[in-house]
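Okay, here's what each chain looks like letter by letter:
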Amino acid sequence: MPAISRYATPEGLPEVDVRTLKRSGSLRPGTSAVLTKRYAGQIVCEVTATMQADCDEVLISFGDRMAFVGLVYTPQRLGGRRAWFLCPCCKRRAAILYPFVCRRCSGITYPSQREAPHHRAIRKAQKLRIRLGGSGNMMEPLPPRPWGMWDRTYRQRIDACRRADARSLTGMSEVLQRWQDASDPKRPPV
Ligand SMILES: [Zn+2]
């Protein structure tokens with residue numbers, strides 16, 4: 001399983017780029033790729049993509065969520081074909097998923113524009129964890145009290161971390177729910 005490091009856009013949000021999978025040779029049947037993203041120098045998320053046998057679906061997993069996403073191919077002018085994800089939400093072609101649906105469906109606009117509230121919450125939660133000496137990885141437990149920090153300050157910051165964690169998880173669940181509602185009930189996320 002090749003590990004692909006990506007020094008990411010400042011958001012540090014989970015994403016899967018089909019072109020990265022292609023470059024790393026991970027668009028062959030049965031191959032898996034681990035895509036990592038960093039924020040403030042720390043790995044903050046890992047997304048695994050596993051190509052299915054017929055190359056018409058890829059299994060994407062992030063945290064404890066997994067989902068099959070369709071792939072389509074378009075011919076290229078100079079020969080060969082270009083792979084695209086088929087966004088499970090809007091059924092449009094997409095080169096990048098965040099990490100299960102396209103930019104539009106995930107609520108991300110562009111960096112300079114307004115971002116979705118749950119993405120803002122994820123970034124805030126990551127920043128708070130890093131400020132407390134943690135890694136910023138949302139999958140890890142909250143960091144212990146740094147040496148020299150007042151207990152009251154620590155408790156206030158941990159409370160802020162928990163609130164930001166909860167907001168980001170709620171937002172992410174809402175996005176997944178909207179997508180599940182819109183997608184084929186025979187093929188729900190596993
Ligand atoms: Zn979409």
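Residues numbered from 1 in each chain as written. Predicted model: local features only at pLDDT ≥ 70, side-chain atom pairs only at ≥ 80, totals over all residues.

**Observations regarding the overall build of the protein chain**
Phase 1 of the analysis: A tally of helices and strands in the protein chain yields four helices and nine strands.
Phase 2 of the analysis: In the protein chain, the order of α-helices and β-strands from amino to carboxyl end is β-β-α-β-β-β-β-β-β-β-α-α-α.
Phase 3 of the analysis: Here the protein chain holds 190 residues, and 28% of them are scored as buried.
Phase 4 of the analysis: A fraction of 49% describes how many contacts in the protein chain between residues 6 or more apart in sequence connect residues 24 or more apart. (Helix = DSSP H or I, 4+ residues; strand = E, 2+ residues; numbered from the N terminus. Buried ≥ 20, exposed ≤ 12 C-beta atoms within 10 Å, placed from the backbone. Contact = placed C-beta atoms within 7 Å.)

**With respect to unusual backbone geometry**
Note: most residues except glycine have negative phi, and most peptide bonds are trans.
Phase 1 of the analysis: A cis amide bond links Tyr98 with the next residue in sequence, Pro99, at an omega value of -25 degrees.
Phase 2 of the analysis: Here Pro99 shows up in the loop between strand E9 (96-97) and helix H2 (103-106).
Phase 3 of the analysis: One non-glycine residue, Cys55, adopts positive backbone phi at about 60 degrees.
Phase 4 of the analysis: On the secondary structure map, Cys55 appears in the loop between strand E4 (42-51) and strand E5 (57-62).
Phase 5 of the analysis: Under the C-beta neighbour-count criterion, Cys55 is labelled partly exposed, with 14 such atoms within 10 Å.

**Details of the pairing of strand E6 (residues 65-75)**
Phase 1 of the analysis: Relative to E6, E5 runs antiparallel, the two sharing six bridges. Each residue of the ladder has a partner; that of Ile60, found in E6, is Ala67.
Phase 2 of the analysis: The hairpin formed by E5 and E6 contains two residues between the paired strands, and Gly63 there has a positive phi angle of roughly 60 degrees.
Phase 3 of the analysis: Relative to strand E7 (residues 81-86), E6 runs antiparallel, the two being bridged by six bridges. Pairing of Val72 across the sheet is with Trp84, part of E7.
Phase 4 of the analysis: The hairpin formed by E6 and E7 contains five residues between the paired strands, and Gly79 there has a positive phi angle of roughly 95 degrees. (Pairing = 2+ DSSP bridges.)

**Notes on the nonpolar core**
Phase 1 of the analysis: Ala49, Ile60, Leu97 and Val101 are the most contacted members of the largest nonpolar core, which totals 33 residues.
Phase 2 of the analysis: Of all the secondary-structure elements, those providing two or more residues to this core are helix H1 (18-23), strand E3 (32-39), E4, E5, E6, helix H3 (117-131) and helix H4 (151-182). (Core = buried A, V, L, I, M, F, W, Y, C linked by C-beta atoms within 7 Å.)

**Overview of the environment of Thr48**
Phase 1 of the analysis: Structurally, the position occupied by Thr48 is in strand E4.
Phase 2 of the analysis: Given 17 C-beta atoms within 10 Å, Thr48 falls into the partly exposed group.
Phase 3 of the analysis: Spatially, the C-alpha atom of Thr48 lies 5.2 Å from that of Ser61, the residues being 13 residues apart in sequence.
Phase 4 of the analysis: Not counting the four nearest positions on each side in its chain, Thr48 is found in contact with Ser32, Val34 and Ser61.

**Looking at the confidence of the model for the protein chain**
Phase 1 of the analysis: Mean pLDDT over the protein chain stands at 78; residues scoring 70 or higher make up 77%.
Phase 2 of the analysis: When mean pLDDT is compared element by element in the protein chain, strand E8 (residues 93-94) scores highest at 95, while strand E1 (residues 3-6) scores lowest at 39.
Phase 3 of the analysis: Predicted confidence for residues 1-10 stays below pLDDT 50, and this span has 21 contacts to residues more than four positions away or in other chains.
Phase 4 of the analysis: Segment residues 185-190: pLDDT under 50, and seven contacts once partners within four positions in sequence are set aside and those in other chains are kept. (pLDDT = per-residue confidence, 0-100.)

**So, the environment of Cys90**
Phase 1 of the analysis: With respect to the helices and strands, Cys90 occurs in the loop between E7 and E8.
Phase 2 of the analysis: A sequence separation of 15 residues divides Cys90 from Cys105, and the C-alpha atoms of the two residues are 7.2 Å apart.
Phase 3 of the analysis: Sequence-distant contacts of Cys90, that is, excluding residues within four places in its chain, are made with Cys102, Arg104 and Cys105.

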